[in-house]
Amino acid sequence: MDLTDFSTGAQYIAGRLTEGTGTEPFQVVNPADGSVVQHVTLASTGDVDTAVAAAKAALPAWSSATPGARSEALLRLAAVLAGHAEDFARVETAQTGKPIKLSTEFDVPGTVDNTSFFAGAARNLEGKAAGEYSGDHTSYVRREAIGVVGSISPWNYPLQMAAWKILPAIAAGNTIVLKPAELTPLTSLMFARACTEAGIPDGVVNVVTGAGRGAGEHLVSHPDVAMVSFTGSTPVGRRVAELATASVKRTHLELGGKAPFVVFDDADLDAAVHGAVAASLINGGQDCTAATRAYVQRPLYDAFVAGVAELYGQVRIGHPLNPATDLGPLVSYTHRDRVAGFVERARSYATVVTGGQALGLGHDGTDLNPGAYYLPTLITGAPQDSEVVQGEIFGPVLVVLPFDSDEEGLRLANDTPYGLAASAWTRDIHRSLRATREIQAGCVWVNDHIPIISEMPHGGYKASGYGKDMSQYSLDEYTQLKHVMFDTTAVARKDWHRTVFGDR
Ligand code: NAD
């Protein structure tokens, strides 16, 4: 099957692509040059209703399939995804502008690995052993699917985010309607088509490509959606939580981040500099765990700033399809302008050491002018309470600040509303133990920053949300526990009845 053929529409409902009933046209644009990758029609609320109905109809059979059957389907899906790896990488790069080497080496293999992981995890859902906890009863716990899951995903890693949402939901026996970001719907649609190619029954995985306020809010509020799983910004997450609360739905929120990168004075400076450059520029800095605030202990501060500035100058900006390109354009012109706004405002209160809009020719001769390119940007001298230190810029921008005592460094690291990820750079075991204990974030790396693995949970503290993606822990989000209690006495008048009527 050609997963990239969208000629029959951009809504994936009940196992096929359809035009849907929406009337609002939308262009998926390649931010490298402004060309149109795909014309789509945004989903109407009626399309959301149809997709939810398809997911509801598919639920009884899918939730009662054996874990082994669901596992086999996911193993087949992993093989189908791997078989279409090149198409996935090419389309992901076209709709996001991310370098092809990132799509090829990270997004696609990460998604295949996640799929294989959940094929195994589907057979390892566990609960407590049955037992006589009351003396007069045998109790056991059933772990059950929740129902139809409504998921909403962002544009930064569209394929991986679709996988993170869909895989644990269906591994646990739920069915799903996913609404990807308007800007980047294509690889989510391809993923859904791959599910059908792998033999996953129609209606188990549906994708509606609509607007946040229209289709998104309708999905979150839909009475037949039992759970809402959202990845995106903290302000939209708040809105999603409000809507879900009104209809008492379980929510899982993976929100924004502002990851600190704490360099103690005994750190390997070279490793810290390389780590900061890679972790701040991955995916153009459009990564919720990207290093955004480097706190560097005073003795290493000047050398660290100089080292990052030098390496930033060596980054190859160019066409994202060129395998040698390190940094492509940002996802859209609007987003590029938003990032530039943060940097321009910072000029009044901080020093912009390098950076700004990328114009002229890239390393490969690409004309950068029509693209949404932005240079790696290093900022120093910003106050801790300033916008560039506190706010999520979501671009290739690193702010560096000095600190003196270890206490101060850790306090500053914790001093934003976010708590998604962080790293500590030190060769001292006690410092690293202290940092990993005291930093309030869902992930703390030591002497590295960015790697993720399918077996380990990903999720936030504080305003970065709650709930876990990936790993066995994500299955807790997508299942509910039922206590089943059997009477073992076989008597009509049970001991506890005397608290209600008569005495023994
Ligand atoms: P966003 O919050 O603007 O949009 C995310 C999704 O929500 C999109 O699909 C959008 O259409 C939808 N949406 C917008 N308004 C809505 C509404 N009122 N009701 C329902 N849905 C609505 O985020 P973005 O700009 O697409 O992505 C970047 C953000 O995502 C950053 O804040 C980043 O940190 C976050 N993110 C977090 C994680 C994580 O794991 N915590 C991972 C990736 C991205």
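Because the structure is predicted, anything quoted here is derived from the model rather than measured.

Asker: Please clarify how the packing of aromatic side chains should be interpreted in this entry.
Answerer: Each aromatic ring pair is summarised here by two numbers: the centre-to-centre distance and the angle between the ring planes. If you walk through the whole model with that rule in mind, you get seven aromatic pairs. Ring centres of Phe117 and Phe118 lie 5.1 Å apart, and the angle between their planes is 80 degrees; on these two criteria the pair is classed as edge-to-face. The exposure classification of Phe117 matches that of Phe118, with both residues buried. Their ring planes at 75 degrees and their centres at 5.5 Å tell us that Trp155 and Phe394 sit as a pair that is edge-to-face. Here Trp155 is found in the loop between strand 6 (148–152) and helix 5 (158–171), whereas its partner Phe394 is found in the loop between helix 12 (387–390) and strand 15 (397–403), with 239 residues between them in sequence. Pair check on accessibility: Trp155 and Phe394 agree, each one buried. Through pairs of rings, three or more aromatic residues link up here, namely Phe261, Phe304 and Trp425.

Asker: What is the right way to read the site of the ligand from this model?
Answerer: Close contacts around the ligand come from 29 residues, with Glu182, Glu217, Ser233, Leu255 and Glu392 the closest. Between the ligand and Gly212, the relevant distance is 3.4 Å, taken from a nitrogen atom to a main-chain nitrogen or oxygen of the residue. Protein coverage of the free-state accessible area of the ligand, which is 850 Å², stands at 90%. Judged by the fraction of its atoms near the pocket grid, the ligand is located in the largest pocket. Counting only elements with at least two residues in the shell around the ligand, the list comes to helix 7 (212–221), strand 9 (227–231) and helix 8 (234–246). Taken together, the residues of the shell around the ligand break down into 13 nonpolar, ten polar and six charged. Both of domain 1 (11–127 + 136–255 + 464–483) and domain 2 (259–446) provide at least three residues apiece to the shell around the ligand.

Asker: Would you mind showing me how to read the UniProt feature "domain: Aldehyde dehydrogenase" (unreviewed entry) in the protein chain here?
Answerer: The residues that UniProt annotates with the feature "domain: Aldehyde dehydrogenase" (unreviewed entry) are residues 21–484. The span residues 21–484 carries 41% helix and 21% strand; its end-to-end C-alpha distance comes to 44 Å.

Asker: Sorry, what's going on with the UniProt feature "active site" (unreviewed entry) in the protein chain here?
Answerer: As recorded in UniProt, the sites labelled "active site" (unreviewed entry) are Glu254. Checked against the element boundaries, Glu254 lands in strand 10 (residues 250–254). Apart from the residues lying within four places of it in its own chain, the contact partners of Glu254 are Lys165, Phe230, Thr231, Gly232, Leu420, His458, Gly459, Gly460, Ser464, Gly467, Lys468 and Asp469.

Asker: Got a minute to help me understand the domain arrangement of the protein chain in this structure?
Answerer: Many descriptions give the size of an interface as the accessible area lost when the pieces come together. By domain assignment, the protein chain separates into domain 1 (11–127 + 136–255 + 464–483) and domain 2 (259–446). The distance between the C-alpha centroids of domain 1 and domain 2 comes to 30 Å. Tallying the contact residues gives 24 residues for domain 1 and 31 residues for domain 2. Counting each side, the surface lost to burial between domain 1 and domain 2 is near 2,100 Å², with a carbon and sulfur contribution of 58%. One can count one salt bridge joining domain 1 with domain 2. Lys101 is the salt-bridge partner of Asp326, the closest N and O atoms lying 2.6 Å from each other. Where domain 1 meets domain 2, there are ten residue pairs in polar contact (both at pLDDT 80 or more). Going through the elements one at a time, helix 3 (85–96) and helix 4 (100–121) are the ones with two or more residues in the side of domain 1 that touches domain 2. Considered class by class, the residues forming the side of domain 1 that touches domain 2 number nine nonpolar, ten polar and five charged.

Asker: I tried to follow a nonpolar patch on the surface on my own but got confused; where do I start?
Answerer: Taken together, the side chains of Trp496, Val500 and Phe501 make up a nonpolar region of the molecular surface, amounting to roughly 360 Å² of accessible area. Mapped onto the fold, Trp496 is located in the segment after strand 21 (479–487).

Asker: Just to check I follow, could you spell out the layout of surface pockets for this structure?
Answerer: Gaps between atoms show up when a probe of the same size as a water molecule is rolled over them. Here the largest pocket is characterised by a volume of approximately 1,100 Å³. Contributing to the lining of the largest pocket are 41 residues, with Pro154, Trp155, Gly232, Ser233 and Val236 lying nearest its centre. For the lining of the largest pocket, the secondary structure elements donating two or more residues are helix 7, strand 9, helix 8 and helix 11 (333–346). Roughly 580 Å³ of volume is contained in the second largest pocket.

Asker: Looking at this structure, I do not really get helix 7. What am I missing?
Answerer: Given 3.6 residues per helical turn, the α-helix brings residues three or four places apart onto the same face. Among the residues making up helix 7, those that are buried are Ala215, Gly216, Leu219 and Val220. Seen along its axis, helix 7 keeps its buried residues to an arc of 130 degrees; they face one direction. Residues of helix 7 that are buried make contact with helix 1 (45–64), strand 6, strand 7 (175–179), strand 9 and helix 8.

Asker: So what exactly am I meant to see when it comes to helix 14 (residues 429–438) here?
Answerer: The complete set of buried residues in helix 14 reads Arg431, Ser432 and Ala435. Along the axis of helix 14, the buried residues cluster in a sector spanning 95 degrees; they form a single face. Among the exposed residues of helix 14, those pointing more than 90 degrees away from its buried face are Ile429, His430 and Arg437. Contacts made by the buried residues of helix 14 are with strand 12 (291–297), helix 13 (406–413), strand 17 (421–425) and strand 18 (443–446). Two or three places before His430, at the opening of helix 14, Asp428 has a side-chain oxygen 2.7 Å from that residue's backbone nitrogen.

Asker: Where do I start with the pairing of strand 14 (residues 374–380) in this structure?
Answerer: Remember that side chains alternate between the two faces of the sheet whenever the strand is regular. When you tally the buried positions in strand 14, you get six out of seven residues, the bulk of the element. As paired elements, strand 13 (residues 351–357) and strand 14 share five bridges and run antiparallel to each other. Bridging across to strand 14, Thr351 finds its partner in Thr380. In terms of strand pairing, strand 14 meets strand 15 through four bridges, oriented parallel. Within strand 15, the residue paired with Ile379 across the bridge is Val399.

Asker: Looking at this model, I keep getting lost on the pattern of salt bridges. Mind explaining?
Answerer: When the charged atoms of two side chains lie near each other, side chains of opposite charge can form a pair. Inspection of the entire model under this criterion finds 23 salt bridges. Close ionic contact of Glu144 with Lys482 constitutes a salt bridge, the shortest N to O distance being 3.0 Å. Of the two residues, Glu144 sits in strand 5 (residues 137–145) while Lys482 sits in strand 21, which places them 338 residues apart along the sequence. Note that Arg316 and Asp326 form a salt bridge whose closest N and O atoms lie 3.0 Å from each other. With Arg316 in the loop between helix 10 (298–314) and helix 11 and Asp326 in the loop between helix 10 and helix 11, this residue pair connects regions lying ten residues apart in the sequence.

Conventions we followed
- Along each chain, numbering runs from 1 in the same order as the chain's sequence is written.
- With the structure being a predicted model, the display of local features is reserved for residues of pLDDT at least 70 and the display and counting of side-chain atom pairs for 80 or more, all residues being used for whole-chain, interface and lining totals.
- For the side-chain quantities, the full set of heavy atoms in the structure was used; hydrogens and water were omitted.
- Between rings of Phe, Tyr and Trp, where Trp is taken as its six-membered ring, a pair exists when centres lie within 6.5 Å; planes separated by under 30 degrees are stacked, by over 60 edge-to-face, and by other angles tilted.
- Only protein chains enter the area calculation, which uses a 1.4 Å probe; residues under 20% of their type maximum are buried, those over 50% are exposed, and those in between are partly exposed.
- Strands are runs of DSSP state E lasting at least 2 residues, helices are runs of H or I lasting at least 4, and numbering of each runs from the N terminus.
- Residue proximity to a molecule or strand is established when one non-hydrogen atom of the residue lies within 4 Å of it.
- Pairs of N or O atoms are called polar contacts if they sit within 3.5 Å, as long as, within protein, a hydrogen donor faces a hydrogen acceptor (for residues adjacent in sequence, only side-chain-to-side-chain pairs).
- To measure how exposed things are, a 1.4 Å probe is used in the Shrake-Rupley method; for residues, cover is taken only from the protein chains shown.
- Cavity and pocket criteria rest on a 1 Å grid covering protein atoms alone: a 1.4 Å probe that fits but cannot get out defines a cavity, protein on both sides within 12 Å along at least 5 of 7 lines defines an open pocket, and an atom within 4 Å of a point defines a lining residue.
- Any molecule with more than half of its atoms within 2 Å of a cavity's or pocket's grid points is counted as sitting in it.
- Each residue gets one label: Ala, Val, Leu, Ile, Met, Phe, Trp, Tyr, Cys and Pro are nonpolar, Asp, Glu, Lys and Arg are charged, and the others, such as Gly, are polar.
- Where each domain begins and ends is defined by an automated method or by a domain database.
- UniProt positions are given in the numbering used here, feature names are shortened, and annotations may be inferred rather than shown by experiment.
- Contacts were defined at the residue level, with two residues in contact if any of their heavy atoms lie within 4.5 Å.
- Here the quantity called buried area is the accessible surface, traced with a 1.4 Å probe, that two parts lose on coming together, added over both.
- By convention in these notes, a salt bridge is any Lys or Arg side-chain nitrogen within 4 Å of a carboxyl oxygen on Asp or Glu.
- Think of a patch as exposed residues, more than 30% relative accessible area, with no salt bridge, where like charges cluster within 9 Å and nonpolar side chains (Val, Leu, Ile, Met, Phe, Trp, Tyr) cluster within 5 Å.
- Grid points are joined across faces, edges and corners, and a volume is the space filled by probe spheres set on the points.
- Arc, as used here, means the arc of the directions from the helix axis to the C-beta atoms.
- Two strands form a pair only when DSSP identifies at least two bridges running between them.

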